[in-house]
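One-letter residues, chain by chain:
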Amino acid sequence: FFFNDTATTEIYTRSLVGSVRCVQETGDADVRAGAKKLVFGDDPKLLERIVTVQALSGTGALRLGGTFLSYAAPKGAKIYISDPTWPNHMLVFKQSGLTNQAFYPYYDAAKNALNFDGMMGELSKAEPGSIVLLHGCAHNPTGIDPTKEQWKEIVTLCKKKGLIPFIDLAYQGFATGSLENDAFAVRLFVAEGLNIVVAQSFAKNAGLYNERVGAFHVVCPDVEIAKKVFSNIQIDIRGMYSNPPAHGARIIGRILKTPAYFEEWKEELKSVSERIQKMRKLLFDELIALKTPGVWDHILHQIGMFSYTGLTEAQCTWMKEKHHVYLLKSGRASMAGINTKNVKYLANAIHDAVANNPKKQQAP
């Protein structure tokens, strides 16, 4: 994680105390309480009807959610997944029993923007009880999120159609630099009375990727149903992996319950997010200065760690072979890998690739 040396040493040292003790199936109490407030706020009436368990980071939370919905959702319910999405989504849900998978349009390649009309059109065809997987913020891999107004339309559609929103919240704090802002979509669904499920990760925003710390949440209609849901998920965990790891949980648990650490973490998240935004601006400015063919505004408008650059597979291959710049053939690049020392080199590689491999629509 991102703390100064003094804070890091203290947190690690204290988290090691008692780390050999077994954690209960549903996880560390500090993690559960802190993670729930981080996502949903601090309304006690709301929190008492939300089931929260510690999970094996975001992937484990998705797997728990898939298993839970495989019996809690209508039999054979279809899960709608954005196209494109994180490739592991399909495998995780398939192995958790959600085999009836469909996709809704998300990315408009021609405009390097959200295909909102296509997304809404496809979801409007979904049967009641269908599950909709949504990225809560910093969509992976495109870096393109709905606006607040578009989120309101999505919520209205889910409510009208009786859909089950499953929100993957892997980058809270990494998108805008604000934990509150990045929880907007989740809280909007809840405020409108929808019972949702959420997969939460501390891998990226707390730098605990290898510690496998996350949480899975279920918003229930009332406290009595929440008790039953909790019991069922506890059984799922027992049969899946018995209990989550302790060390990383104690680290994030201490951060979440200690005001000084929590405030420092928020400041560090803000600085990390601002650095990525700065790198976006520097790359954009370099491409404009080079007069690189095409429109590059989308690099500025996308948020989070990743950018769908709009580069073709041929252009990506050219960059790899001629400049040793490596990115996915889809054109997805990690903005976190850019710095002030390599941004000019990257911009020149992109310029060269685009100039020598024009898109078909660029041809006269």
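Structure: see above.
Attention in this report is confined to the structure presented alongside it. (Residues numbered from 1 in each chain as written. Predicted model: local features only at pLDDT ≥ 70, side-chain atom pairs only at ≥ 80, totals over all residues. Heavy atoms only, no water.)

### A word on the pairing of strand β6 (residues 131-135)
So, point 1. Counting buried residues along β6, five of its five residues qualify, which places the element largely inside the surrounding structure.
So, point 2. Burial along β6 is two-sided: the face carrying Ile131, Leu133 and His135 and the face carrying Val132 and Leu134 are both buried.
So, point 3. Here strand β2 (residues 79-83) pairs with β6 via two bridges, running parallel. Across the sheet, the residue bridging to Ile79 is Ile131, located in β6.
So, point 4. Inspection of the sheet shows β6 paired to strand β7 (residues 164-169) by five bridges, in the parallel sense. (Buried < 20%, exposed > 50% of the residue type's maximum accessible area, 1.4 Å probe, protein only. Helix = DSSP H or I, 4+ residues; strand = E, 2+ residues; numbered from the N terminus. Pairing = 2+ DSSP bridges.)

### A short note on the packing of helix α4 (residues 57-72) against helix α9 (residues 223-240)
So, point 1. Their axes nearest at 11 Å, the elements α4 and α9 cross at an angle of 120 degrees. When the axis of α4 is compared with that of α9, the two are oblique. With respect to the hand of their crossing, α4 and α9 are arranged in right-handed fashion. In this structure, α4 contributes Arg63, Leu64, Thr67, Phe68 and Tyr71 to the contact, and α9 contributes Val229, Asn232, Ile233, Asp236, Ile237 and Met240. (Axes fitted to C-alpha atoms, helices over the stretch in contact; angles between N-to-C directions. Parallel < 35°, antiparallel > 145°, perpendicular 65-115°, else oblique. Left-handed = near helix turned anticlockwise from the far one by under 90°. Contact = heavy atoms within 4.5 Å.)

### A look at helix α6 (residues 116-123)
So, point 1. Looking only at α6, the buried set comprises Phe116, Met119, Met120 and Leu123. Buried residues along α6 cover an arc of 90 degrees about the axis, so they all sit on one side.
So, point 2. The inward-facing, buried residues of α6 contact β2, β3 (101-105), β5 (113-114), β6 and α7 (148-161). (Arc of directions from axis to C-beta.)

### Considering empty space enclosed by the protein
So, point 1. Considering all chains together, one arrives at one cavity of 30 Å³ or more under this definition.
So, point 2. Lining of the largest cavity is provided by Tyr104, Tyr106, Met119, Leu134, His135, His139, Pro146 and Trp151.
So, point 3. Its residues assigned to classes, the lining of the largest cavity shows six nonpolar, two polar and no charged. (1 Å grid on protein atoms, 1.4 Å probe; cavity = no way out; pocket = protein on both sides within 12 Å on 5 of 7 lines; lining within 4 Å. Points joined across faces, edges and corners; volume = space filled by probe spheres on them. Nonpolar A, V, L, I, M, F, W, Y, C, P; charged D, E, K, R; others polar.)

### Examining the layout of surface pockets
One simple way to see leftover space: roll a probe sized like a water molecule over the atoms.
So, point 1. One number sums up the size of the largest pocket: a volume of about 680 Å³.
So, point 2. Taken together, 39 residues line the largest pocket, and the ones lying closest to its centre are Asn112, Ile144, His298, His301 and Gln302.
So, point 3. For the lining of the largest pocket, the elements supplying multiple residues, two or more each, are β5, α7, α8 (184-191) and α12 (297-301).
So, point 4. Grouping the amino acids of the lining of the largest pocket by side-chain chemistry returns 17 nonpolar, 16 polar and six charged.

### A short note on the pattern of salt bridges
So, point 1. Summed over all chains, the structure comprises nine salt bridges.
So, point 2. Across the pair Glu149 and Lys152 runs a salt bridge whose closest N-O atoms are separated by 3.3 Å. Here Glu149 pairs with Lys152, and both are found in helix α7, just three residues apart, close to one helical turn.
So, point 3. Here Glu149 falls in the exposed class, since its relative accessible area comes to 51%.
So, point 4. Take Lys152: its relative accessible area is 38%, and that puts it in the partly exposed class.
So, point 5. Residues Glu180 and Arg187 are paired through a salt bridge, measuring 2.7 Å at the closest nitrogen-oxygen approach.
So, point 6. Taking the relative accessible area as the measure of exposure, Arg187 reaches 21% and is therefore partly exposed. (Salt bridge = Lys/Arg side-chain N within 4 Å of Asp/Glu carboxyl O.)

### Describing the sheet that holds strand β8 (residues 197-201)
So, point 1. The seven strands are arranged β1-β9-β8-β7-β6-β2-β3 in an open sheet whose pairing can be described as mixed. Unpaired on one side and paired on the other, β1 (50-55) and β3 mark the two borders of the sheet. Averaged over all pairs of adjacent strands, the angle between strand axes in this sheet comes to 25 degrees, irrespective of strand direction.
So, point 2. Here α8 sits on the sheet in contact with β6, β7, β8 and β9 (214-219), set at roughly 155 degrees to β7.

### Topic: the nonpolar core
So, point 1. Phe40, Phe189, Ile196, Trp265 and Leu283 are the most contacted members of the largest nonpolar core, which totals 84 residues.
So, point 2. The greatest single-element share of this core, amounting to ten residues, is contributed by helix α11 (residues 259-289).
So, point 3. In this structure, Phe40 is in contact with Leu46, Leu47, Ile50, Val186, Arg187, Val190, Ile196, Val198, His217 and Val219, ignoring residues within four places of it in sequence.
So, point 4. Membership of the second largest hydrophobic core comes to 29 residues, among which are Ala61, Leu62, Ala77 and Ile131. (Core = buried A, V, L, I, M, F, W, Y, C linked by side-chain atoms within 4.5 Å.)

### Some remarks on the packing of aromatic side chains
The description of two aromatic rings rests on the distance between their centres and on the angle between their planes.
So, point 1. In total, this model carries eight aromatic pairs according to the counting rule given.
So, point 2. Consider the rings of Phe93 and Phe166, whose centres lie 5.6 Å apart with planes at 65 degrees: the pair is edge-to-face. Taken as a pair, Phe93 in helix α5 (residues 88-95) and Phe166 in strand β7 lie far apart in primary sequence, 73 residues in all. The residues Phe93 and Phe166 share a single accessibility class, namely buried.
So, point 3. Taking the centre distance of 6.4 Å and the plane angle of 55 degrees together, the rings of Phe166 and Phe216 count as tilted. Taken as a pair, Phe166 in strand β7 and Phe216 in strand β9 lie far apart in primary sequence, 50 residues in all. Note on accessibility: Phe166 and Phe216 belong to one class, buried.
So, point 4. Among the aromatic side chains, those forming a connected cluster through ring pairs are Phe68, Tyr71, Phe93, Phe166 and Phe216.
So, point 5. Looking at Arg212, its charged tip hangs above the ring of Tyr209, at a distance of 5.1 Å from the centre.
So, point 6. Lying across the ring of Trp318, Lys322 places its NZ or CZ 5.2 Å from the centre. (Phe/Tyr/Trp six-rings, centres within 6.5 Å; stacked < 30°, edge-to-face > 60°. Lys NZ or Arg CZ within 6 Å of the ring centre and 35° of its normal.)

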